[in-house]
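Below are the chains, spelled out letter by letter.
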Amino acid sequence: MAEVVVQADRRSEGILINDDWPGYRLDLFNYPAHYSGDLDYVIIPHGVIMDRTERLARNIMDDLGDHDIVVLCVLKGGYQFCADLVERIKALSRNSNRTIPMRVHFIRLRSYLNDQSTEDLHILGAEDLSFLAGKNVLIVEGIVGTGKTMETLLKHVEAFRPKLIKVAGLLVKRVQHSLACVPDYVGFEIPNRFVVGYALDYNEYFRDLNHICVISESGKKKYKV
Ligand code: HPA
Ligand code: MG
C-alpha cells in the first residue's frame with residue numbers, strides 16, 4: 001500500500017529545472033530566424049518535451065486506462081501538449097490489449113496580457129459540459145502559474161459531476177505563494193520566468209517555436225501591446 005502512495009506523490013513532481021539552470025544556447029539549435037534576438041535561451045528542447053510526454057502518457061494509461069477518457073484540452077497554450085499526449089496515449093493503447101475510447105473536447109481560457117495575469121478569466125466552449133457526468137476527465141494544460149486559472153476551471157468542471165478529474169500540466173512554475181492547484185501529472189517544474197514556444201505565447205507570438213525558451217527583454221518590448 002505504502003508503495004502505491006509514494007508513486008502517486010512522485011507523479012505530480014515533474015522534472016525539476018532549478019533557478020540557476022543556464023539552459024542551452026540558442027545557436028546550438030534550429031529555431032525560426034524571425035525570433036532571433038527575442039529569446040534568452042532554450043530551457044527545454046523539443047525532444048526532451050516529447051520524451052517526457054511519452055512517460056506521462058504511460059502514467060496516465062496506468063491510472064485511467066480501464067475506462068473511457070474525456071480529454072479537456074485547454075486552448076490555446078495546451079494544444080500542442082494535448083495533441084502529442086493524446087498521440088502517445090493512442091500508441092500505448094494500440095500496443096496493449098486495452099484500447100481506450102477517448103473523446104477530445106476543447107475549451108478556451110484567456111487570462112494573460114503581455115506577461116501579466118489579468119483578473120478576468122474567460123472560459124469559452126465550456127458552457128454545457130453535461131456530457132462529462134459520470135466520466136473520467138483529463139484536463140490538459142500547457143502551463144500552470146499561480147494555479148488560480150486551474151482552480152477556477154476545476155470548480156467549473158466539477159459542477160458537471162464527472163466521476164473523476166485528473167489534471168496534466170506540461171509545466172508548473174515555481175511562484176512565490178503556494179499553488180492553489182497542482183496538476184496530478186507534471187512534465188517539468190520551472191523557474192518563475194516567462195517562457196514561450198511549444199504553443200505557449202506572448203501576445204500570440206512564439207506559438208510557432210518548437211522548443212520552450214525564455215523570452216528576452218527585447219522580445220517582450222518588441223511584441224508588447
Ligand atoms: N508563458 C506563456 N504563458 C503563460 C506563462 C508563461 O510563462 N505563464 C502563464 N501563462
Ligand atoms: Mg497565453
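These remarks concern the structure in this document. (Residues numbered from 1 in each chain as written. Chains lettered and ligands numbered in written order. Predicted model: local features only at pLDDT ≥ 70, side-chain atom pairs only at ≥ 80, totals over all residues. Heavy atoms only, no water.)

A rise of 1.5 Å per residue sets the reference length of helix α3 (residues 79-94), with its 16 residues, at 22 Å; its end C-alpha atoms lie 22 Å apart and thus fit the reference within 8%. All of the buried residues in α3 are Phe-81, Cys-82, Asp-84, Leu-85, Val-86, Ile-89 and Ser-93. (Helix = DSSP H or I, 4+ residues; strand = E, 2+ residues; numbered from the N terminus. Expected span 1.5 Å × (residues − 1). Buried < 20%, exposed > 50% of the residue type's maximum accessible area, 1.4 Å probe, protein only.)

Glancing now at the layout of surface pockets. Computed from the structure, the largest pocket encloses a volume of approximately 260 Å³. Together, 17 residues line the largest pocket, and Asp-115, Lys-173, Asn-192, Arg-193 and Phe-194 are the ones closest to its centre. Mapped by element, the contributors of at least two residues to the lining of the largest pocket are β5 (116-124), β10 (212-215) and α5 (217-222). Here the residues of the lining of the largest pocket sort into five nonpolar, six polar and six charged. (1 Å grid on protein atoms, 1.4 Å probe; cavity = no way out; pocket = protein on both sides within 12 Å on 5 of 7 lines; lining within 4 Å. Points joined across faces, edges and corners; volume = space filled by probe spheres on them. Nonpolar A, V, L, I, M, F, W, Y, C, P; charged D, E, K, R; others polar.)

Residues Ile-44, Leu-85, Leu-138, Leu-171 and Ile-212 are the most contacted members of the largest nonpolar core, which totals 33 residues. Secondary-structure elements contributing two or more residues to this core are β2 (39-44), α2 (46-64), β3 (69-75), α3, β6 (136-144), β7 (164-173), β8 (185-190) and β10. With seven residues, the top contributor of residues to this core is α2. When residues no more than four places from it in sequence are discounted, the contact partners of Leu-85 are Thr-53, Leu-56, Ala-57, Ile-60, Leu-138, Val-140 and Ala-168. Formed by 20 residues, the second largest nonpolar core is a distinct cluster that contains Ile-107, Ala-126, Met-150 and Val-172. (Core = buried A, V, L, I, M, F, W, Y, C linked by side-chain atoms within 4.5 Å. Contact = heavy atoms within 4.5 Å.)

On their own, these measurements won't tell you what the molecule is for.
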